[in-house]
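Chains, contacts and geometry: an overview
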Amino acid sequence: MVVSRFAPSPTGYLHLGNARTAIFSYLFARHHGGKFILRVEDTDRERSTQEFEQMLLQDLQWLGLEWDEFYRQSDRFDLYKEYAQKLLESGHAYPCFCTVEELESERKRAEEKGVPYRYSGKCRALTPQQVEGYKKEGRPYTLRFRVPDGRVVVFEDLIKGHISISVEDFGDFVIVRSDGTPTYNFVVVVDDATMGVTHVIRGEDHIPNTPKQILIYEALGLQPPRFAHLPVILGEDRSKLSKRHGAVSVRNYREEGYLPDALFNYLCLLGWSPPEEGKELFSKEELIRLFSLERVNSSPAVFSKEKLRWLNGVYIREVLPLDRLVEELLPFLERAGYRPDKDYLRRVLQKTRDSFETLKEGVQRLRPFFAGELTYSEEALKTLQTQQATAVLSAFLHKLQQRELSGEGVKAIAKEIQKELGLKAKEVWHALRACLTGELEGVGVDILCEVLPKEEVLGRVERALSKSGHRRPADTPQALLCEDFHRREDSPGLS
Ligand code: GLU
């Protein structure tokens, strides 16, 4: 059975690159009907935190990556001890008593000579008596793996092809630190082997670690898994995607109102080529069916925020079932202080889901559908304070009181007002928009009037009129407008 895993370290938020690794590993397991394991690699006690672990799990769940088994390395220290002991007994590992200062000066000497640093192997040949003696003295020690001299480690990477690395590139490396904690290259082997992992799918930054791991497998008499190293993700300037490029964590995108389905879909397009050229929209089920490592490119992919945003818009407009969209948008609205009824929100979204690309943008855009007490932009207020707007709104109020409200109805009313007052269509809509949305741009007034309860529309018109400062009870729209035109004629600079 195929067994793959994702092995994040809880030392920060889930990076987009790691999320893609998790997704590919997950798709590979599901495609083959295998098992997907989540393993939290928290042996670095200083940098790992429980909060980050929680966030990682939440973000993976949010992306829809359900795992079959879960492990945490800090729960498995006894097992690592057992394996370290095995390596020690078989002579594949040895205690190293070199002090930090000694190692530092070895490193410095290499630097001065301009050669890559590798451990000198000073403690390789200590006799058992020397080891006992040092231990008795209470000297701290690490355990190092004895790297076979002159070996060239060769493996066939499922993405990168043939890889061969000489052990000259690294010396005997530490597998257990002096505080007793095991290191990454060692525990990853113990874990992958004991968890039955058949395919290690991870970022290409781990290629230099792979020969060390293969040597440990050999020393333990175990069969190494297959390796597949994914190319890095680049920013648009072709440098490795990092914080310099802006938001790079799954959490950032989640909070910005990206949908998990869209992010999942988009990340798959970074480095994997779908069999059908040109197709970009894929559900998780389709991806499971279609995914293969053969179609993962060996060269880096470039992350485009605009493309992701566009795809998110497609999911909002066309892909997500309306009820899901309601559920996704609700928490965003609640955070902004709105508590709409679900049925009402459904009706709103039916008409407006094509007008925004992220949920956060949706909250901004849909405010006029929810806000009890509108806030008006400066330009909207200015517009409302013209006599022309007052005339339009007075006429609107008058007509509204006499008929039912609908989108089509509003269009008809606007036309009538336009004719009666001799205005341009734009001038009428401008006033209505300022009054009903508090802005001069945004959702269509007709759409708004189709969905908003009539009392709310009436209330908004009344409130806008009360802000205009022009309205007197006896004024008719025509009279107001005449007054306005007179004033303009008196002061030609204004017209
Ligand atoms: N904990 C490692 C990382 O976060 C995982 C390496 C691996 O997949 O073997 O990079």
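Structure report, in brief. (Residues numbered from 1 in each chain as written. Predicted model: local features only at pLDDT ≥ 70, side-chain atom pairs only at ≥ 80, totals over all residues. Heavy atoms only, no water.)

Right, let's get into the overall build of the protein chain. Scanning the protein chain from N- to C-terminus turns up 21 helices and 12 strands. Taken over C-alpha atoms, the radius of gyration comes to 33 Å for the protein chain, far larger than the 23 Å a tight globule of 495 residues would show. With respect to the three principal axes, the spread of C-alpha positions in the protein chain is 110 × 45 × 35 Å. The buried share of the protein chain, taken over its 495 residues, is 50%. In the protein chain, the proportion of contacts linking residues at least 24 apart, taken out of those at least 6 apart, comes to 76%. Counting every atom, the protein chain has about 24100 Å² of accessible surface; 49% of that belongs to carbon and sulfur. Treating the 71 positive side-chain charges of the protein chain as one cloud and the 76 negative ones as another, the clouds have centres 1 Å apart. (Helix = DSSP H or I, 4+ residues; strand = E, 2+ residues; numbered from the N terminus. Rg over C-alpha atoms; globule rule 2.2 N^0.38 Å. Buried < 20%, exposed > 50% of the residue type's maximum accessible area, 1.4 Å probe, protein only. Contact = heavy atoms within 4.5 Å. Areas by Shrake-Rupley, 256 points an atom, 1.4 Å probe, with all protein chains shown as cover. Lys, Arg positive; Asp, Glu negative; His and termini not counted. Charge placed at Lys NZ, Arg CZ, Asp CG, Glu CD.)

Let us look at the pairing of strand E6 (residues 152-157). Burial of E6 is one-sided: the residues Val153, Phe155 and Asp157 facing one way are buried, the residues Val152, Val154 and Glu156 facing the other way are not. Relative to strand E7 (residues 161-166), E6 runs antiparallel, the two being bridged by 6 bridges. What sits directly across from Val152, in E7, is Ser166. Between E6 and E7, which follow one another and run antiparallel, lie 3 residues. (Pairing = 2+ DSSP bridges.)

Next up on the list: the site of the ligand. Around the ligand, the neighbouring residues are Arg5, Ala7, Ser9, Glu41, Tyr184, Val188, Arg202 and His206. A distance of 2.6 Å is found between an oxygen atom of the ligand and a side-chain nitrogen or oxygen belonging to Arg5. Take Arg202: an N or O atom from its side chain is 2.8 Å from an oxygen atom of the ligand. Protein chains shield 83% of the accessible area of the ligand, which is 300 Å² for the free molecule. The residue inventory of the shell around the ligand, partitioned by class, reads 3 nonpolar, 2 polar and 3 charged. (Near = heavy atom within 4 Å. Polar contact = N/O pair within 3.5 Å; in protein donor to acceptor, adjacent residues only side chain to side chain. Nonpolar A, V, L, I, M, F, W, Y, C, P; charged D, E, K, R; others polar.)

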